[in-house]
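Observations on the model geometry
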Amino acid sequence: MNRPSPFPSTDATLPKAKKSPQTETRHGVARTDDYAWMRANNWQEMFHDPSLLDADIRAHLEAENTYALSMMADTEELRQTLFAEMKGRIKEDDSSVPLPDGPYAYGTKYVTGGEHPKFLRTAREGGDETILIDGDVEAQGKAYFRLGGVDHSPNHRRILWGQDSKGSEFYSLAVRSVGRDDDTDRIEKTGGSGTWAARSNGFFYTRLDDNHRPKEILLHRLGDPASEDVSIYTEDDDGMFMSVDGTRLNDWIMISVHDHETTEYRLLPADLSDLTPKIVHPREEGLQYDLEEGGDVFFVLTNADGAKDFKIMEAPVSDPSKANWREIVPHESGRLILSIASFSGHLVRLERKDGLPRIVIRDRKTGDEHAIAFDEEAYALGLGGSYEYDTTKIRFSYSSMTTPSQLYEYDMATRERRLLKEQEVPSGHDASQYVARRLQARSHDGEMVPVSILYHKDTPLDGSAPCLLYGYGSYGISIPASFNTNVFSLVDRGFVFAIAHIRGGKDKGWDWYETGKRRQKANTFHDFIAAAAHLVSHEFTSHDRIVAQGGSAGGMLMGAVANMAPESFGGIIAEVPFVDVLTTMLDDTLPLTPPEWPEWGNPIESEDDYRTIAAYSPVDNVAALPYPPILALAGLTDPRVTYWEPAKWVAKLREHSTSGAPVLFKINMDAGHAGASGRFSRLEEVAFSYAFALKVAEKMDTELKG
């Protein structure tokens, strides 16, 4: 750090984490964890009832919150200003464009001051609204509330909906008759959504075990006690995820069993005429396939036979086994097919080529194809849902870093595009005041890493501007260059906002993902560091003015680059950071550990995997380094990245850092992985992070541009 720290050098409230060393030896390697005590022994029970948290652990976490707030005390007015700005960019009484299904159309809306959506329906052509589920009403009296799936029955008489009141993602499901406000048929410990049977007389759902893993698909018949629910399928492999879904034609129930590399589907009739699911193709390591019903055929999106970027096959409904798959859209290297949707006359696919998404429409009779075209240099594209199969109309959303989201209806037959809705920014937005660009940064091995940037046209590009650099880089997830109203609170204060599209995502195809995982995981970190260096070399910013940000696996990225190149960043924001990677991957009782081994490796069985993870796991590589100011954020009941990971990381950073820069830890004691659940309460958390970035960049008193 070339500039003096904007934080006070000492604070009387700095938590002093006790040490209680525990040593474990694996593959001949001994590791000592001084802070293992932070992991609650009763974490399973605590996720259901947070009041059961050990008193010493709770006291330490609350001390961390006190310290973080004291170190950020001078930003209180700024945080209120940021919150007001971000809230002012949200249309408070916003609503969706209802989606038709038979005689009705279903949608959502918010009311002024409301935190949660209201689910509603109207007549197909519009008219009076019937509120089906009112999120604000359901949230009353709850410290935390998040809606799960909300789905109407095929006969339109009932609603199946889920809710989580702890943040631990153990959802309860219930049925509500249209026009009533009381529930029946409540089911606990589910994944959050269900799928109606064709005759609306029951639904299928996924039950979670005590370790928060989806282990069983069950059928609940309306009116029966949950104890009589019929077990349809039980999965014995702890390493597999599982879900259940239906089809647009309401003909089939589809059970998907999968991890990050392998897929297996089972099918059964949605009319409950046969409750024995039939396997499509048994799991075959590395083989992935997704099914989409198309009347008398299934369309299959698969990587079979070396189709790394996927191809599309079709198979007869009478026997959709792999032996009957017939290719209709061949594999094309570098064109990654992301998803497909089938309608009576058309097959639609969302794909990514040259780092940008596009929608391609295929006529099912002729095989003719056309793409929906866009002009901007970088943009985000989403294929909207549809309840109906016999239609020529689909919906898609479009936005860019300067263009608010636009929802279109597109006629696949006539190719007519109709704008249904454009995102409104109540406080105003003038796209001409901003510049969005796509850069290419050369990484350590010569690969070119795309970087999307946004800045105000009056921002000087002489190295003096601060920068918020965001990255993720895991699970094949690509971060879109979409419109984000929140970041304008930084951009209008002179920040450059940048997204590094690093390896581990699928931004440049499947290879981009594979070369950023397991034994090649270090490429993810090198790419991010290269993106920072590129921004500096082209004078968009300087290293001591870059604030890096990432969450979850992106928080792991933050921990890794902090160890590898602390001098490259002026500050780091790590949200729900997956930083104790080795310890977590060695603990097969944790919810996500076995399913995550294909992504990270299995250090229990493999010494090579152990050593690979140990080489980058942030907690294991904290050393005597000049770490920049760091803000870590977490949620107490987070089942994905448990609270003790960032708690241990923060304690170890404070012990070893040579810079004297503060390490702050703020934990939401009433939430989980996604943070605060309400749309405005979530903005308060964003305001805290942005205030930290502005404090690091010494921009707290900067006037807004324009």
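Preceding this section is the structure that the text describes.
Per-chain numbering applies: the sequence of each chain, read as written, is numbered from 1 onward. Two thresholds apply to this predicted model, a pLDDT of at least 70 for residue-level local features and 80 or more for giving and counting side-chain atom pairs, whereas whole-chain, interface and lining totals are computed over all residues. Only hydrogens and water are set aside when side-chain values are computed; all heavy atoms of the structure are taken into account.

1. Focus: the pattern of salt bridges
How we decide: When a carboxyl oxygen of Asp or Glu lies within 4 Å of a side-chain nitrogen of Lys or Arg, that pair is called a salt bridge. Per the convention used, a helix needs a DSSP run of H or I reaching at least four residues, while a strand needs a run of E reaching at least two, with both numbered from the N terminus. Partly exposed describes any residue whose relative accessible area lies between the buried limit of under 20% and the exposed limit of over 50%, with all areas from a 1.4 Å probe on protein chains only and scaled to the type maximum.
The final tally for this structure, using the stated rule, is 54 salt bridges. As a salt-bridge pair, Asp 609 and Arg 518 come within 2.9 Å of each other at their nearest N and O atoms. Of this pair, Asp 609 sits in helix α11 (residues 607-616) while Arg 518 sits in the loop between α6 (510-514) and α7 (522-537); the two residues are 91 residues apart in sequence, bridging distant segments of the chain. Of the residues examined, Arg 518 reaches a relative accessible area of 28% and is grouped as partly exposed. A single salt-bridge network, built from bridges that share partners, covers Glu 332, Arg 335, Arg 349, Glu 351, Lys 353, Arg 358, Arg 362 and Glu 369.

2. Brief notes about the environment of Ser 231
The cut-off we apply is this: The contact definition used throughout considers only heavy atoms, calling two residues in contact when any of these lie within 4.5 Å. Here a polar contact means two N or O atoms within 3.5 Å. Within protein one must be a hydrogen donor candidate and the other an acceptor candidate, and residues neighboring in sequence count only if both atoms are side-chain atoms.
Assignment of secondary structure puts Ser 231 in strand β13 (residues 230-234). With relative accessibility at 39%, the residue Ser 231 sits in the partly exposed group. Setting aside anything within four residues of it in sequence, one finds Ser 231 in contact with Glu 216, Ile 217 and Leu 218. At 2.6 Å, the side chain of Ser 231 and the side chain of Glu 216 are in polar contact.

3. So, the packing of α7 against helix α8 (residues 553-564)
Definition in use: Axis angles are defined between N-to-C directions and span 0 to 180 degrees, where every axis is a line fitted to C-alpha atoms and, for a helix, only to the segment in contact. Geometric relationships in this document are graded by angle, where less than 35 degrees denotes roughly parallel, more than 145 denotes roughly antiparallel, 65 to 115 denotes roughly perpendicular, and other angles denote oblique. All residues other than Ala, Val, Leu, Ile, Met, Phe, Trp, Tyr, Cys, Pro, Asp, Glu, Lys and Arg, Gly among them, are scored as polar; the first ten of these are nonpolar and the last four charged.
Where α7 meets α8, the axes come as close as 10 Å, and the angle between the chain directions of the two elements is 70°. One way to sum up the angle between α7 and α8 is to call them roughly perpendicular. In this structure, α7 contributes Thr 524, Phe 525, His 526, Phe 528 and Ile 529 to the contact, and α8 contributes Met 556, Leu 557, Met 558, Ala 560, Val 561 and Met 564. Looking at the contact of α7 with α8 residue by residue, the class counts come to 9 nonpolar, 2 polar and no charged.

4. Here we look at the environment of Val 496
As for its placement among the helices and strands, Val 496 is situated in strand β33 (residues 496-500). Taking the C-alpha atoms as reference points, Val 496 and Pro 460, 36 residues apart in sequence, are found 9.9 Å from one another. In this view, Val 496 contacts Ile 453, Leu 454, Tyr 455, Ala 465, Pro 466, Cys 467, Leu 468 and Phe 540; residues no more than four positions away in its chain are not counted.

5. Points about the packing of helix α3 (residues 76-88) against helix α13 (residues 679-696)
Which entries qualify depends on this criterion: Take the far helix as your reference; a near helix turned counterclockwise from it by less than a right angle gives a left-handed crossing, and one turned clockwise gives a right-handed crossing.
Direction vectors running N to C along α3 and α13 enclose 125°, while the axes themselves pass 8 Å from each other. As the angle between them shows, α3 and α13 are arranged oblique. Every pair of crossing elements has a handedness; the one defined by α3 and α13 is right-handed. Side by side, α3 and α13 meet where Leu 78, Arg 79, Leu 82, Phe 83, Met 86 and Lys 87 of the first sit next to Phe 680, Leu 683, Glu 684, Val 686, Ala 687, Phe 688, Tyr 690, Ala 691 and Leu 694 of the second. Classifying every residue of the contact of α3 with α13 gives 12 nonpolar, no polar and 3 charged.

6. Looking at the pairing of strand β24 (residues 356-363)
Test applied: At least two DSSP bridges between two strands are required for those strands to pair.
In terms of burial, β24 is a largely internal element, 6 of the 8 residues being buried. Here strand β23 (residues 346-353) pairs with β24 via 8 bridges, running antiparallel. Each residue of the ladder has a partner; that of Lys 353, found in β24, is Leu 356. The sheet contact formed by β24 and strand β25 (residues 369-372) spans 4 bridges and is antiparallel. Bridging across to β25, Val 360 finds its partner in Ala 371. Remark: 5 residues form the turn of the hairpin made by β24 and β25, two consecutive strands paired antiparallel; Gly 367 in that turn has positive phi of roughly 80°.

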